[in-house]
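Observations on the model geometry
The primary structure of each chain is shown beneath.
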Amino acid sequence: MTELAQALVNGLQMGFLYALVAVGLTIIWGLMEMINFAHGEFLMLGMFGAWWLSASFGLDPLVAIVPIALVMFAFGVLVYRHLMRRVQGGDPFTQIFATIGLLFLLQNAVVAGFTSDYRFVNDTLLQRLGGARLQALGLTFAVPLLVAAGLSLLLFLALYLLIERTEFGLALQATSEDRDAARLVGIRPQRMFAVAWGLGAALVAIAGAILVNFFSVYPQVGLQFTVLAYAIVALGGFGSILGTLLAALLVGVIQSVTVVYLPPAFKDAFVFASYLLIGLLRPQGLFGRF
Amino acid sequence: MPRLSRRLVLVAIVIVAAFGVSRMAPAQSKVSEVLIGSVLPLTGNFASLGQQYLWSAQTAEDIVNNDYPDLQIPLGPGKGFPGLGGAPIKFIVRDDQSRGEQARTIVEQLISVNKVHWINGEGTSGITSLIQPVVESAGIPLSCHPCASPTLTEKGLKWFFRTGPNDKTMVASVFTFLKEWPEKGGPKDLKTIALFTCDNLFCQDNRKVATDLAPKAGFKIVLDLTTKTGATTLASEVQRLQAANPDVLFNVQYPAETVVFENDAKRAGFMPKVMATSNGAYSDETWLQAQKKTNGAAGWLGRDPTAIDLAHERPAWKKVNEIYKKYSRGQNMGELAMREITGLLWMADVINRARSVEPAALQKAANETNMAPEQLIIDYKGIRFENGQNVLATGVVTQVGWDGEKHTLWPWDLATKANFKPIFPSPSWQERESKPKPAG
């Protein structure tokens, strides 16, 4: 029983990290309904940025969140203005191929610039807490992951308030629902899309700056998270911020609990099986609306 | 004889003579350059391996094409191939993005369009097994020196060659060491082992060999876990390992997954008495260098194809390492690069001895190889082939010390030379944190 409870705790802790990665995609794909296969590469850029600032200037990745988020916001806006706006009105396949092209461009540019070496940050605030554990009810809670979970919750709360409680958020939702109607009430859809891309890129880059404390950094690091992020957004319901958070926690728990009883090969199989199951029973996802 | 007939006879004599001469002494078509098709994973999942192979190819090309009079290894002194009138070597490098189907297409192009004389690659056993049939049917030599999967040389192929040791040899080194260690003053209470391997051909071959050898070395396998390559968390796997409580953990994972494992093990406070590994992260220079900042690898032991701590004493190793560093942005040759460069210089020697780029001549020269250990930059007992496998390739066991460097533990004669006191038991995470770090 303790084994299962510990697996639940481990899964929830990982789930918060997954939620961080998926939240940017919730804005771009879930809310604005644009496809971005380079989402993982935005994460990778955030990780590389945090590693570079740490290696060059000794900046802790948690502090580096601010400059990285600003730079990646600008990058997201640029990607929308110079690439995605041009393919937005076309066939969805054009969006798919444009972002796949962007994926390879970013990945290979980083290979050319930094080589394919694995990079590691050392002696960061979270890593110094590396061995610190809280014990309660016979369960172990890793302090660095608890801090990351707290940051993740804060980010989700901020995003929820931004989307649901501000004029900007309502304008974003209006643009997503009906671009022409939004234009009639004075909203400039192109600007909304650009800001959404900026926000999505900044959020996933923040996730990268946090993840760099737990994972090695290399040009292909984004892929393993992208696949999960897509499943999480679809599972949680397109455009639902709360749904994304809960779906990420669910994915973390499924992965974790599965391995306690079954060979690890079933880990992701069960995640996608649950996605298929929920897709059959509730195609709009757990918290999505049609 | 009428004038016309005389002329006809003369022309006929000239033609016959010319034809006869040409038959008697077939023209050696002059080789302007020797083309090596090099298919490598320069991007994608195995890019960190691919770039080491690329730097190795650049090093080999440099050594063959330039004159290094003091470098006593094949093709060191002199420019180009003396056996081919000084023709230079040229590597045509292609990136397969760590994808098997891409590698197959590239190999087909290298053979049919670029007309390469030899294919070297792909650097990973899984993808190499996919390109083997393409090259075999084309009938030109293929080599992959760092590929360690035994199956590659067990298919009866005529055109595949590997100078490096396979996993049977190298994993056997680890288990021979563990078996003999108690007699040499090592711990006598190591009885159980857990296998913790990734899911690709390389890891699974290691697992199979370990499954066979562990009981023979007196170990009971208490857990056998195969993990997914690209795992984002291994917390539950660590939980199971902790519950199984093995004396020895046989861990075969790539650097990214090894970092995930280290973090999860640290959080759970898990550390077996012995951390044994086989290639993967243990062969990755960037991982090893990063561990110097955390003492993360101190006490890890694993198999290597050479006693890397003793290699530095070889003059040829030092010189080749200097050349390698020109291309590797200052990174030293790791054992993986040493295996690859050794293989590429053997290939150059074969081409030189063949005095031809004809496939049959290359194949014959390759099969006739009998290189002495003095000609190598690595600790093999030499190079001699049986069914495409160098039967003189060896494995050694090394351990990372508190200085962050690898030290030889086995074979015992090399261990005596290395004069290193093994770290046992594997230090806890707290001890790693409290000790001074080699890289500050």
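Here's what I pulled together on the structure shown here. (Residues numbered from 1 in each chain as written. Chains lettered and ligands numbered in written order. Predicted model: local features only at pLDDT ≥ 70, side-chain atom pairs only at ≥ 80, totals over all residues. Heavy atoms only, no water.)

1. A few points about the overall build of chain A
The helix and strand inventory of chain A stands at 12 helices and two strands. Along its sequence from the N terminus, chain A presents helices and strands in the succession α-α-α-α-α-β-β-α-α-α-α-α-α-α. By its C-alpha atoms, chain A is 60 × 50 × 35 Å across when sized along the principal axes. Of the roughly 12,100 Å² that chain A leaves accessible, carbon and sulfur atoms contribute 70%. Distance between charge centroids for chain A: 6 Å, based on 14 positive and 13 negative side chains. (Helix = DSSP H or I, 4+ residues; strand = E, 2+ residues; numbered from the N terminus. Areas by Shrake-Rupley, 256 points an atom, 1.4 Å probe, with all protein chains shown as cover. Lys, Arg positive; Asp, Glu negative; His and termini not counted. Charge placed at Lys NZ, Arg CZ, Asp CG, Glu CD.)

2. What about the interface of chain B and chain A?
On the chain A side, the residues contacting the 40 residues of chain B number 44 residues. Both sides together, the interface formed by chain B and chain A hides about 3,200 Å², and carbon and sulfur atoms give 52% of it. Taken as a group, Thr 232, Gln 239 and Arg 267 of chain B account for 22% of the area that chain B buries against chain A, more than any other trio of residues on that side. For the interface between chain B and chain A, the tally reads two salt bridges. (Contact = heavy atoms within 4.5 Å. Buried area = accessible area lost by both parts, 1.4 Å probe. Salt bridge = Lys/Arg side-chain N within 4 Å of Asp/Glu carboxyl O.)

3. With respect to the sheet that holds strand 4 (residues 142-143) of chain B
All names here are of chain B. On the basis of which strands lie adjacent, the open sheet formed by five strands has the order 2-1-3-4-5 and parallel pairing. This sheet does not close on itself; its edge strands, each paired only once, are strand 2 (89-95) and strand 5 (160-161). Note: strand 1 (residues 34-40) against strand 3 (residues 118-121), four bridges, orientation parallel. Looking at the pairing, Gly 37 lines up with Ile 119 of strand 3. Contacting strand 1, strand 2, strand 3, strand 4 and strand 5, helix 12 (residues 335-354) crosses the sheet at an angle of about 175 degrees to strand 3. (Pairing = 2+ DSSP bridges. Axes fitted to C-alpha atoms, helices over the stretch in contact; angles between N-to-C directions.)

4. Here we look at the state of the cysteines
All names here are of chain B. The final tally for this structure, using the stated rule, is two disulfides over all chains. Between the sulfur of Cys 144 and that of Cys 147 lies a disulfide, 2.0 Å long from S to S. Here the S-S torsion is close to 70 degrees, and the disulfide linking Cys 144 with Cys 147 is therefore right-handed. What makes Cys 144 buried here is its relative accessible area of 1%. Here Cys 147 falls in the buried class, since its relative accessible area comes to 1%. With its bonded cysteines labelled in order along the sequence, chain B shows the pairing 1-2, 3-4. (Disulfide = S-S within 2.5 Å. Buried < 20%, exposed > 50% of the residue type's maximum accessible area, 1.4 Å probe, protein only.)

5. Remarks on helix 2 (residues 47-65) of chain B
Over its 19 residues, helix 2 of chain B runs 26 Å from end to end, which matches the ideal 27 Å to within 8%, given 1.5 Å per residue. Most of helix 2 of chain B is tucked away: 15 of the 19 residues are buried. (Expected span 1.5 Å × (residues − 1).)

6. Some words on the packing of helix 2 (residues 39-57) of chain A against helix 9 (residues 189-211) of chain A
Residue and element names in this part refer to chain A. Where helix 2 contacts helix 9, the two axes come as close as 7 Å, and the packing angle between them is 50 degrees. As judged from the angle between their axes, helix 2 and helix 9 are oblique. Between helix 2 and helix 9 the crossing geometry is right-handed. Residue-level inspection shows His 39, Phe 42, Leu 43, Gly 46, Met 47 and Ala 50 of helix 2 in contact with helix 9, the latter providing Trp 197, Ala 201, Val 204, Ala 205, Ala 207, Gly 208, Ala 209 and Leu 211. Taken together, the residues that form the contact of helix 2 with helix 9 break down as 11 nonpolar, three polar and no charged. (Parallel < 35°, antiparallel > 145°, perpendicular 65-115°, else oblique. Left-handed = near helix turned anticlockwise from the far one by under 90°. Nonpolar A, V, L, I, M, F, W, Y, C, P; charged D, E, K, R; others polar.)

7. Digging into helix 4 (residues 92-114) of chain A
Residues and elements named next belong to chain A. An ideal rise of 1.5 Å per residue puts 33 Å on 23 residues; helix 4 measures up with 33 Å between its terminal C-alpha atoms. Residues of helix 4 that are buried make contact with helix 2, helix 3 (61-88) and helix 9. Following helix 4 by one or two positions, Thr 115 has its phi on the positive side, about 65 degrees.

8. Digging into the environment of Ala 172 of chain B
Residue and element names in this part refer to chain B. Among the secondary structure elements, Ala 172 is positioned in helix 5 (residues 167-180). Sequence-wise, Ala 172 and Ser 283 are 111 residues apart; in three dimensions their C-alpha atoms are separated by 17 Å. Setting aside residues up to four positions removed in sequence, Ala 172 forms contacts with Asp 167 and Leu 213.

9. Structural notes on the side chain of Thr 277 of chain B
Residue and element names in this part refer to chain B. Positionally, Thr 277 belongs in strand 9 (residues 274-278). For Thr 277, a relative accessible area of 3% puts it in the buried group. Those residues in contact with Thr 277 that sit more than four places away from it in its chain are Val 174, Phe 250, Asn 251, Tyr 282, Trp 300, Leu 301, Gly 302 and Arg 303.

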